[in-house]
Amino acid sequence: MSENTLYDVIIVGGGPAGLAAGMYAKRAALKAVLIEKGVFGGQVAITKSVENYPGFPEIGGFDLCEKFLEHAKAYDLEILEKEVVATEPGIDYHSVRLADGTVLRTNAIIMAVGGTAKKLEAAGEDENFGKGVSYCATCDGFFFRGKTVAVVGGGDTALEDALYLAKITEKVYLIHRRDEFRGSRILQQRVFAEPKIEILFNAVVGKIKSDEGGVTGVSLVSTTSEETWDIDTDGVFIFVGFSPNNQLVPAGVKLNSSGYVITDEKCETSIDGIYAVGDLRQKFANQIVLAAADGCTAALAAAHYVEMKKEDTPAS
Ligand code: NAP
């Protein structure tokens, strides 16, 4: 790494999208660096089991990420374990600013920074985080062995993690605000067939109740009547969606109303040479295979962009 180097492409984020981009960038002989501040693999690294990545009928999320990382390293991808604090578009080149003050120059940037679990914004949620409130079943499910937990949400994550928690705990309440799930049919069938899961449709959490030992229950409010009632639970797992991590996206890049980056079919944003991939960009579905595909698309597009740029720039 050097401030004097002009990279062809800088990839920000080391999840499936970023690592796939890194692999393809190296295969296209680009001068590339991938920068990751935390855990390689992003959200997938904390997913217990992945059953829908082609070629792997079942693999642990962390194990799959290890394979992505090994594969990218096999191409000698330069990797920096550092924090990016800003991406700055320029006319001759773009820049990526690190927390230590270093500024790296590059022709193209691939933003692969993913997203973060949304909060429920319920009373008692923040003060009980880590005391019974959790956003990660794989991380915290173990602490509720033989106990009762509530899962909130109706998407794939809620269904998948309710099933996971049913294996560990005594009972799972699955609380959803509507009377049908958003999650996939196959997960719905498994949830309906699991005797440890009690589904509470048309209900939202009014308050998470606790004492000095942590969560003790939740107060529920019906979405179809005036009814309110309480259930006893030792934990509350919240899976109500996801927000894109768009804080590093430079001003001038177009976002949709939910904060996802709008791109074209090459994953290029509204600024030339800046690409967004994976869960950060607006698209039909967020899946690991699609994140990896985005990484591939953006790296190939960046290779073409860099080649054209070099042809247009007379050698000095
Ligand atoms: P999601 O699909 O956006 O589902 C969020 C769920 O939370 C919805 O059921 C929504 O209800 C509910 N919700 C949102 N805000 C709420 C609130 N304030 N109070 C109560 N409920 C609320 O999110 P996700 O399940 O995290 O999935 C994100 C993406 O990852 C999806 O594309 C999903 O397919 C994918 N994913 C795939 C897998 C897999 O294939 N193995 C696993 C996990 C995630 P409504 O339905 O009423 O809107």
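To start, this report covers the structure provided alongside it.

1. Remarks on the overall build of the protein chain
The helix and strand tally for the protein chain stands at 6 helices and 19 strands. Relative to the 2.2 N^0.38 estimate, which gives 20 Å for 316 residues, the radius of gyration of the protein chain is 22 Å and therefore close to what a compact globule would have. Seen through its principal axes, the protein chain has C-alpha atoms that stretch 75 × 40 × 35 Å. Burial analysis of the protein chain (316 residues in total) assigns 49% to the buried set. Within the protein chain, contacts between residues at least 6 apart in sequence are counted, and of these 58% link residues at least 24 apart. Entry remark: accessible area of the protein chain is about 15600 Å², with carbon and sulfur atoms responsible for 50%. If you average the places of the 31 positive and of the 44 negative side-chain charges in the protein chain, the two averages end up 1 Å apart.

2. Re helix α5 (residues 185–193)
Three or more residues of α5 are buried, namely Leu187, Gln188 and Val191. With its buried residues spanning 100° around the axis, α5 presents them on a single face. For α5, exposure combined with an orientation more than 90 degrees from the buried face picks out Arg185, Gln189 and Ala193. On the buried face of α5, the contacting elements are α4 (156–168), β12 (171–175) and β13 (197–200).

3. Some thoughts on the packing of aromatic side chains
Aromatic rings in a pair are described by how distant their centres are and how their planes are angled relative to each other. The final tally for this structure, using the stated rule, is 8 aromatic pairs. Considering the side-chain rings of Tyr53 and Phe56, the 6.3 Å spacing of their centres and the 40° angle between planes classify their relative orientation as tilted. Taken together, a centroid distance of 4.9 Å and an interplanar angle of 50° make the contact between Phe181 and Phe201 tilted. You can see Phe181 sitting in the loop between β12 and α5 and its partner Phe201 sitting in the loop between β13 and β14 (203–211), a full 20 residues away along the chain. The rings of Tyr53, Phe56 and Phe68 are connected pair by pair, giving a single aromatic cluster. In this arrangement the basic side chain of Arg27 is found over the ring face of Tyr24, its NZ or CZ atom lying 6.0 Å from the centre. The ring centre of Tyr93 lies 4.9 Å from the NZ or CZ of Arg105, which sits over that ring.

4. Section: the site of the ligand
Around the ligand sit 17 residues in total, of which Asn52, Asp156, Thr157, Arg178 and Arg182 are the nearest. In this structure, an oxygen atom belonging to the ligand sits 2.8 Å away from a side-chain N or O atom of Thr157. For the ligand, an oxygen atom lies 2.7 Å from a polar atom in the side chain of Arg178. When the free accessible area of the ligand is taken as 910 Å², the share hidden by the protein chains comes to 74%. Looking at the shell around the ligand, its residues break down into 3 nonpolar, 9 polar and 5 charged. Both of domain 1 (6–116 + 242–312) and domain 2 (119–238) provide at least three residues apiece to the shell around the ligand.

5. Things to note about the sheet that holds β13
Strand order in the open sheet formed by 5 strands is β10-β17-β11-β12-β13, with parallel pairing between adjacent strands. Looking at the sheet topology across the chains shown, the edges are occupied by β10 (133–134) and β13. The pairing of β12 with β13 spans 4 bridges and is parallel. Residue pairing across strands places Val172 opposite Ile197, the latter belonging to β13. The sheet contacts of α4 involve β11 (148–152), β12, β13 and β17 (235–238), and relative to β12 the element is tilted by about 165°.

Thresholds applied
Note on numbering: residues in each chain are counted from 1, in written sequence order. Only residues with pLDDT of 70 or above have their local features reported here, since the model is predicted, and side-chain atom pairs are shown and tallied only from 80 upward, although totals for entire chains, interfaces and linings are computed over all residues. To obtain the side-chain values, all non-hydrogen atoms of the structure were included, while hydrogens and water were left out. In this description a helix means any DSSP run of H or I spanning at least four residues, a strand means any run of E spanning at least two, and both kinds are numbered starting from the N terminus. In this description the radius of gyration comes from C-alpha coordinates, and the expected globular size is given by 2.2 Å times residues to the power 0.38. Under the scheme applied here, a residue whose accessible area is under 20% of the maximum for its type counts as buried, over 50% as exposed, and between as partly exposed, the area being computed with a 1.4 Å probe on protein chains only. Residues are treated as being in contact if the distance between any of their heavy atoms lies within 4.5 Å. The Shrake-Rupley method, run with a 1.4 Å probe sphere, supplies the accessible areas, and residue values consider only the shown protein chains as cover. The sign given to each residue is positive for Lys and Arg and negative for Asp and Glu; His and the chain ends receive no count. In this description, the location of a charge corresponds to atom NZ of lysine, CZ of arginine, CG of aspartate or CD of glutamate. Directions drawn from the helix axis to the C-beta atoms are what define this arc. Only Phe, Tyr and Trp rings take part, Trp by its six-membered ring, and two of them pair if their centres are within 6.5 Å. Stacked means planes under 30 degrees apart, edge-to-face means over 60, and tilted covers everything else. Consider the ring centre and the ring normal. A charge sits over the ring if Lys NZ or Arg CZ is within 6 Å of that centre and within 35 degrees of that normal. The cutoff for a nearby residue is simple: one of its non-hydrogen atoms must lie within 4 Å of the molecule or strand. Here a polar contact is taken to be a pair of N or O atoms separated by no more than 3.5 Å, where protein atoms must pair a possible hydrogen donor with a possible acceptor and residues adjacent in sequence count only if both atoms sit in side chains. By the convention adopted, Pro, Cys, Tyr, Trp, Phe, Met, Ile, Leu, Val and Ala count as nonpolar, Lys, Arg, Asp and Glu as charged, and the other residues, Gly among them, as polar. Source of the domain bounds: an automatic or database domain assignment. Pairing between two strands is assigned when DSSP locates at least 2 bridges connecting them. The angle between two axes is taken between their N-to-C directions and runs from 0 to 180 degrees, where each axis is a line fitted to C-alpha atoms and a helix contributes only its stretch in contact.

Note that every value here comes from positions in space, so none of it alone points to a role or purpose.
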